[in-house]
Amino acid sequence: MVGLATVFGAGGGTSSYEEVENSDLIVLWGSNARAAHPIFFHHVLRALERGAKLVVVDPRRTESAAFGDLWLGIDVGTDIALSNTIAREIIASDLQDQAFVANATENFEEYAESVEGWTLERGEEVTGVPADVIREVAHTYAQADRAQICWTLGITEHHTAVDNVLALINLGLLTGHVGKYGSGLNPLRGQNNVQGGGDMGAIPNKLPGFQDIVEDPEARARFESSWGRPIMPQYGWHLTDMFHAMERGELTAIYCIGENPVSSEADATHATPLLENLDTLIVQDIVMTKTAEIADVILPASNAAFESEGTVTNSERRVQRVRKALEPPGQAKDDILIIAQLARRLGHDWGELTAFDAWEELRSLSPMHANMSWALIEERSGVQWPCNDEFPDGAQFLHARLWAFDDRARQGRKAPFSVVVDDPPVDLLSEEYPIRLTTGRRLDSFNTGVQTAGYTSPLRRPESVEVSAADAEALGVVEGERVRVSSRRGEVEAPVHISSALRRGLAFMTLHFPDEVETNRLTIEAADPKSGTAEFKATAIRIDKLRAGVA
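Presented here is a report on the structure given in the accompanying data block. These numbers come from a predicted model, not from an experiment. (Residues numbered from 1 in each chain as written. Predicted model: local features only at pLDDT ≥ 70, side-chain atom pairs only at ≥ 80, totals over all residues. Heavy atoms only, no water.)

Describing the nonpolar core
Rule in force here: Among buried residues, those of type Ala, Val, Leu, Ile, Met, Phe, Trp, Tyr and Cys that are joined through side-chain atoms within 4.5 Å constitute a nonpolar core. Buried means the residue's accessible area, taken with a 1.4 Å probe over protein chains only, is under 20% of the maximum for its type, while exposed means over 50%, and partly exposed covers the values in between. Strands are runs of DSSP state E lasting at least 2 residues, helices are runs of H or I lasting at least 4, and numbering of each runs from the N terminus. The contact rule is simple, with two residues in contact once any of their heavy atoms fall within 4.5 Å.
The biggest cluster of nonpolar side chains holds 52 residues, and the ones touching the most others in it are Phe8, Trp29, Leu72, Ile86, Ile169 and Leu173. With nine residues, the single largest contributor to this core is helix 11 (residues 161–175). Beyond its immediate sequence surroundings of up to four residues, leucine 72 is in contact with Val55, Val56, Val57, Asp58, Leu82, Val129, Val133 and Val137. Core analysis: the second largest hydrophobic core is formed by 17 residues, Val477, Val483, Val485 and Val517 among them.

Right under this line is the structure:
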């Protein structure tokens, strides 16, 4: 969200799923959508049936890459290098959209100078992608009538997360593939309603509607008037900042809603004791997570998908209604009811608060939601923001204003190019730790497994460390053999799975089965300073045989 908000002012994907189906070129960059976003991938498949081309940029030859016309097997952590090389080739070949660059963007000269040294040969040397393949992608993307770049955690779970996103946005600006039907820049949200959480202000520098808490005093004044309380014009902590504050003793109480950091936080051997040593840990959740097990207070919540009223916002900015089908079991209560009751006990009676009341308050304070009544959401089975006087029925795609070259008032702020610098992973490979571990998801499971591990699936196999056939041979291990996997932070034991998706020197694990293998004992807490996202995708490990042999 930070990268898109920095360039365009709003942290949402620029296109709709329908446009993906009607694009000529789709670039999945750091996204194994076939496994991690299977519903979205159906839209990609419809585009392929129409004749669209698919380019997949991923260190692994993933399930998504199997459908692609081109697979760029990039070395982990070299996304900026690849983007800069593509950009340099586009500029050197005079393929940029000159009218769009001249009239809708800023800082082009500085950006062009910054990528000048990224020749195809240098790009190949740094990224591992052949120069002729980089050239083909650059020319294909620049010359496509309609092109989409879609990304997810493979881009954002790095210490250069925001810069990685800015690097992809640069390509869209360079070619004019934004602000018009069929072309766009789209983050695929990793979990249900991630977009909605950001829209509602669940990020430390924005009020609901992506209104800056420091730089937008008028917005701050509206919220102060509505809430009857002053709002400090300073940014809060993101998740990584919170853990640093726990270390300093500045953060002593946590109210954790629907999050399982004991299992999901990087460098678990460091993060878990910090949570255990808090003065107060309150967990509000629908299941007994590992985080709930160490909590001082547990508040049993309802399942938002079946037992609550409200809204959810997906990756195409579409707000949809959620309707209660069941009553929460036992002592479980709706999240809003729990929060309202806590407020009452703290001396603030909000009355009989409902999801509808909360939504109406949002509409009064967030301009991009102003005209989005529940009746309109019901009528249209979902509405894409912004939905206001300018877009009374919602907006299918964003930033068309940038093309209003002759109307500066309508065009508004131009989109700036960003100078981004290649910066390798923090956890360096060495003789002791020679293998690069990257993490991700499988189709049959979700996140830390609290909602999926209890179900069986014919697709599922136990957690493993996936390695290439070449590495398995070099290590002297066979399929199913248990090994020790170590990093500079900790170690785990796991069975080996030999995967044709991996190249020599690259391993893969998931976070889905922490009861079997605590993968996050290995990962590094190095994080992006702008977003706070940890570098889950780039851990240096070693793999050693165990005397136990084959499992």
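Back to the write-up after that little detour.
Some details on the packing of aromatic side chains
Note the cut-off: Here a Phe, Tyr or Trp ring, Trp counted by its six-membered ring, pairs with any other such ring whose centre lies within 6.5 Å, and the pair is stacked when the planes are under 30 degrees apart, edge-to-face when over 60, and tilted otherwise. In this scheme, Lys NZ or Arg CZ marks a charge over a ring once it lies within 6 Å of the ring centre and within 35 degrees of the ring normal.
One pass over the structure, following the stated rule, counts nine aromatic pairs. Each ring, one from phenylalanine 100 and one from tryptophan 403, has its centre 4.6 Å from the other, and the planes form 40°; the classification is tilted. Of this pair, phenylalanine 100 sits in helix 6 (residues 98–104) while tryptophan 403 sits in the loop between strand 14 (383–384) and helix 21 (408–411), placing them 303 residues apart in sequence. Taking the relative accessible area as the measure of exposure, phenylalanine 100 reaches 0% and is therefore buried. On the basis of relative accessibility, which here comes to 27%, the residue tryptophan 403 falls in the partly exposed class. The structure contains a cluster of three or more aromatic residues connected by ring pairs, namely Phe100, Trp403 and Phe405. Its guanidinium or amino end placed over the ring of tryptophan 118, arginine 122 lies 3.6 Å from that ring's centre, counting from NZ or CZ. Its guanidinium or amino end placed over the ring of tryptophan 374, arginine 321 lies 3.9 Å from that ring's centre, counting from NZ or CZ.

Focus on empty space enclosed by the protein
Heads up, the condition is: Only protein atoms enter the 1 Å grid used here, on which a cavity is any set of points holding a 1.4 Å probe that cannot leave and a pocket is any open set flanked by protein within 12 Å on both sides along at least five of seven lines; residues with an atom within 4 Å of a point are listed as lining. Grid points are joined across faces, edges and corners, and a volume is the space filled by probe spheres set on the points.
Throughout the structure, instances matching the rule amount to four cavities of 30 Å³ or more. One number sums up the size of the largest cavity: a volume of about 310 Å³. Counting residues per element, the ones that place at least two in the lining of the largest cavity are helix 10 (153–156) and strand 16 (435–440). Among the elements that take part in the lining of the largest cavity, strand 16 stands out by supplying three residues, more than any other.

Observations regarding the pairing of strand 1 (residues 25–29)
Spelled out, the test is: Two strands pair under a simple rule: DSSP has to find at least two bridges between them.
Counting buried positions over the five residues of strand 1 gives five, a clear majority of the element. Burial of the side chains of strand 1 extends over both faces: Leu25, Val27 and Trp29 are buried on one face and Ile26 and Leu28 on the other. With five bridges connecting them, strand 1 and strand 5 (residues 147–151) associate as parallel partners. Paired with isoleucine 26 across the strands is glutamine 148, a residue of strand 5. Two strands pair when backbone bridges link them, and strand 1 and strand 2 (residues 53–57) are joined in this way by five bridges, in the parallel orientation. If you follow valine 27 over to strand 2, its bridge partner there is valine 55.

Comments concerning the side chain of asparagine 32
Note the cut-off: Under this definition, polar contacts are N or O atom pairs within 3.5 Å; protein pairs additionally need one hydrogen-donor-capable and one acceptor-capable atom, and for neighbouring residues in sequence, both atoms have to be side-chain atoms.
Mapped onto the fold, asparagine 32 is located in the loop between strand 1 and helix 3 (33–36). You can call asparagine 32 buried: its relative accessible area is 9%. Reaching out from asparagine 32, the side chain makes a polar contact with the side chain of glutamate 63 at a distance of 2.7 Å.

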